[in-house]
Structures are given as structure tokens and as C-alpha cells.
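Chain by chain, the residues run as shown.
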Amino acid sequence: AGCLPPAEIANQPAQANNWAMAKISLVLGSGGARGYAHIGVIQVLKEQGHTINAVSGTSIGSLIGGLEAVGKLDEYTDWVTGMSQRDVIWLLDPKLGSGGALGMERVFTRMRELYGGAHIEDLPIPYTAVATDLGNRREVWFQSGLLATAVRASVSIPGVITPIMVNGRLLVDGGVVNPVPIEPVMSADSDLTVAVSLSGWTPPDFGSSPVKSSSWISSLLSKLTGKEPAPEPEPDYEEPPADLGIAEVTARALETMGALITRYRLAAQQPDVLITVPHDSAHSMDFHRAEDLIALGRELAEAALREQLPEAPNGQPPD
């Protein structure tokens, strides 16, 4: 289910503020397939004449941000918008007993091709990928070294995507500790900070049916004794939906934790513009819905930029 802005809002002029050609520090958050909305946000920023001057990202945000930094986002967009659900299942590469349910080596092979051996320190703009060091219980900022390695570490959702070892450290998804990493771009020479959170909250309706219990032991005793058994109390809980898989439960648990962390961190470090993608706009593994989520990102970005952009200095666009 998507949560698109009302049509009358989406159709208003895209930019009703006096910022033009601003230098943007872009912060891209974690949230699985909802991260395709990052692509729509980037498209809108560039169409409005702004320049992305620095990028930091966690998980899917590090992947999309890295593609923009290396100049391959359009090529990646063409690839993912042509995927069917069958294609996605093949690419996810399910595995057992390897620290994660999904190997995703086919995806990472394609990403290495797109990144082309790029090193972070050689990118045209400052870039940071955030991962989590499980051994030291702290976040790790990748600001040098192979871009592909940094992204691979940052996207390793615990229990879902197999983690990796880098310099003796066991690294997993950066969203465990920093779902919307604003701190790495605070020193960038930018006019505005635009952050994208993928954890906009709407209470989910899982849907379920009451659990009916029966006891063959009670039935047998009734036949042997000729007495009706005492009625059993109805259970005060229900079973979860049958189609709720391990990966989805794990992702939801991490996102719940991440949403709380995001709330506290954004209270301390507020961006100039915060674009919030609703949690119920897609499941974490809905990677076959790229077109819908890119469109959602575009609409949310246009609305947020129109409503939240502060006045430019002295009422004038930046130089």
C-alpha cells in the first residue's frame, strides 16, 4: 500500500521558494526497498537546479548515494525498473547457515560492475557510507577505500543479508546505530542539508484470525468417564499471519529500533529539509516495485521542498 500525497498538492508548482542552484548535502536513510524513493528525490533535486555537494548514506541509502557519486544512478535505475518479482527472487540468492538468509552475490556482482573499482577518496564529491561494527558496538564511517566494499558492509541487514569482515571487524547494516546519518555531512561546504528518512510511521494492520484450540486428551477422557470436560478458556493471543517470513519480521524489528534512534538523532541534528517516506509504502523486500517507489520519492520531495525550504540568505538565491 502506498501513501502518495494528494493529487492537488502534487500538481502545484514544484518550487515556490527563492532558493535556486543550491549546494545540497544529501543524507539517505535505511529502509530496504523503500530506498528506491531516494532515486526520485535525487531526480527532483537535480531537475530544480540544485547540486548534490556531499552524500552520506546508510544501507540502501549508501548504495543509492554511491551510484549518484560515481555517476551511474541512471544506469542502475534502468536496470531495477525492468525487474519482475521473479527476477528479484533470483537475485536475492537465498542461503542457510551463513549468518544471513540472503547472499545477494548476484546483486553485489552487478554493483561492483557499476562502481567500476572506484575509491571513495577519488569520487567527485565527499561521500560516507555508514556500517555497524558488532565487535566494538559502534558505527563505522567509510570515507576512503573501495566504494563497493563500503556499500557491501553498509547494506548487511542482520539476519537477512550475510555480514562481511573488514580489517578484522564484523560489519553489518549501518541502520542498526544510525538510520539517517546527518553527522558525516555537517562539515560539508553546502547551502542546505536534505535528509530522507524511510521510517515514516503508520500503525500496520497485520490481519489475523482467532486461534481455535482443541484438546484430543479432553475428548478421550470424556469418552472414558462419561463426563463432559470443563470448557477450555479461549487463548488471549493470535498467531501471526502465515505469510510473515523471517526476513520480514527481522526487518520490521530493526526498523522499529531504527525509528526510535532516528527520532532522537534528528532532534539533535536537524536537517533543513526532511523528506519522510511512509513505512507502509512498501515491504523491505519489495524490490520489484522500483517504478512506484521512485514516483513516490518524487512526489514527497516536491512537497517537502515546497513546504520546508527556509528563506535564502537576504531573500536572495545563493551564489
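Please refer to the structure higher up on the page.
This structure is a prediction, so every number in the text was calculated from the model and none was measured.

Draft legend 1. Highlighting the packing of helix α4 (residues 73-80) against helix α6 (residues 105-115). Two elements in contact, α4 and α6, have axes separated by 10 Å at closest approach and are oriented at 150°. Classed by the angle they form, the pair α4 and α6 counts as roughly antiparallel. Remark: the crossing between α4 and α6 carries right-handed chirality. Each of Glu 75, Tyr 76 and Trp 79 in α4 lies in contact with α6, whose residues at this interface are Arg 110, Met 111 and Leu 114. Looking at the contact of α4 with α6 residue by residue, the classes come out as four nonpolar, no polar and two charged.

Draft legend 2. Molecular detail of α6. Residues Val 107, Phe 108, Met 111, Leu 114 and Tyr 115 constitute the buried set of α6. Along the axis of α6, the buried residues cluster in a sector spanning 115°; they form a single face. At its buried positions, α6 is contacted by α3 (60-70), α4, α5 (85-92), α7 (147-154) and β6 (159-161). Gly 116 lies just past α6 and shows a positive phi near 60°.

Draft legend 3. How the structure looks around the side chain of Thr 132. Looking at the secondary structure, you find Thr 132 in strand β4 (residues 127-133). There is a polar contact of 2.8 Å between the side chain of Thr 132 and the backbone oxygen of Asp 173. Once you skip the residues sitting within four places of it in the chain, Thr 132 turns out to touch Arg 138, Glu 139, Leu 170, Leu 171, Val 172, Asp 173, Gly 174, Val 176 and Val 177.

Draft legend 4. Focus on unusual backbone geometry. In this structure, Met 21 takes a positive phi of about 55° despite not being glycine. Inspection of the secondary structure puts Met 21 in the loop between α1 (7-10) and β1 (23-28). Notably, Arg 137 is not glycine yet its phi reads approximately 55°, a positive angle. Structurally, the position occupied by Arg 137 is in the loop between β4 and β5 (138-142). Residue Arg 137 is classed as exposed on the basis of its relative accessible area, which comes to 78%.

Draft legend 5. Quick peek at the nonpolar core. Among the nonpolar cores identified, the biggest contains 74 residues, and Leu 63, Tyr 76 and Phe 142 are the most heavily contacted of them. Ranked by the residues each element gives to this core, the list is headed by helix α10 (residues 290-308), at eight residues. Aside from chain neighbours lying at most four places away, what touches Phe 142 is Ile 120, Tyr 127, Thr 128, Ala 129, Ala 131, Ala 150, Ala 153, Val 166 and Leu 171. In terms of nonpolar packing, the next biggest core, distinct from the first, is built from seven residues, Val 27, Ile 182, Ala 195 and Leu 266 among them.

Draft legend 6. Summary view of the packing of aromatic side chains. Under the defined criterion, the tally for this structure stands at two aromatic pairs. Ring centres of Tyr 76 and Trp 79 lie 5.9 Å apart, and the angle between their planes is 65°; on these two criteria the pair is classed as edge-to-face. Linking Tyr 76 with Trp 79, this pair stays in helix α4, spanning three residues, or about one helical turn. The ring of Trp 90 carries Arg 106 above its face, with NZ or CZ at 4.3 Å from the centroid. The residue whose ring lies beneath Arg 110 is Trp 79, and the NZ or CZ to ring-centre distance is 5.6 Å.

Draft legend 7. Region of the structure containing a nonpolar patch on the surface. On the surface, Leu 134, Met 165 and Leu 170 cluster together into a nonpolar patch covering about 270 Å² of accessible area. By the secondary structure assignment, Leu 134 is in the loop between β4 and β5.

Conventions used here
- Residues numbered from 1 in each chain as written.
- Predicted model: local features only at pLDDT ≥ 70, side-chain atom pairs only at ≥ 80, totals over all residues.
- Heavy atoms only, no water.
- Axes fitted to C-alpha atoms, helices over the stretch in contact; angles between N-to-C directions.
- Helix = DSSP H or I, 4+ residues; strand = E, 2+ residues; numbered from the N terminus.
- Parallel < 35°, antiparallel > 145°, perpendicular 65-115°, else oblique.
- Left-handed = near helix turned anticlockwise from the far one by under 90°.
- Contact = heavy atoms within 4.5 Å.
- Nonpolar A, V, L, I, M, F, W, Y, C, P; charged D, E, K, R; others polar.
- Buried < 20%, exposed > 50% of the residue type's maximum accessible area, 1.4 Å probe, protein only.
- Arc of directions from axis to C-beta.
- Polar contact = N/O pair within 3.5 Å; in protein donor to acceptor, adjacent residues only side chain to side chain.
- Core = buried A, V, L, I, M, F, W, Y, C linked by side-chain atoms within 4.5 Å.
- Phe/Tyr/Trp six-rings, centres within 6.5 Å; stacked < 30°, edge-to-face > 60°.
- Lys NZ or Arg CZ within 6 Å of the ring centre and 35° of its normal.
- Patch = residues over 30% accessible without salt bridge, like charges linked within 9 Å, V, L, I, M, F, W, Y side chains within 5 Å.
- Areas by Shrake-Rupley, 256 points an atom, 1.4 Å probe, with all protein chains shown as cover.
- Salt bridge = Lys/Arg side-chain N within 4 Å of Asp/Glu carboxyl O.

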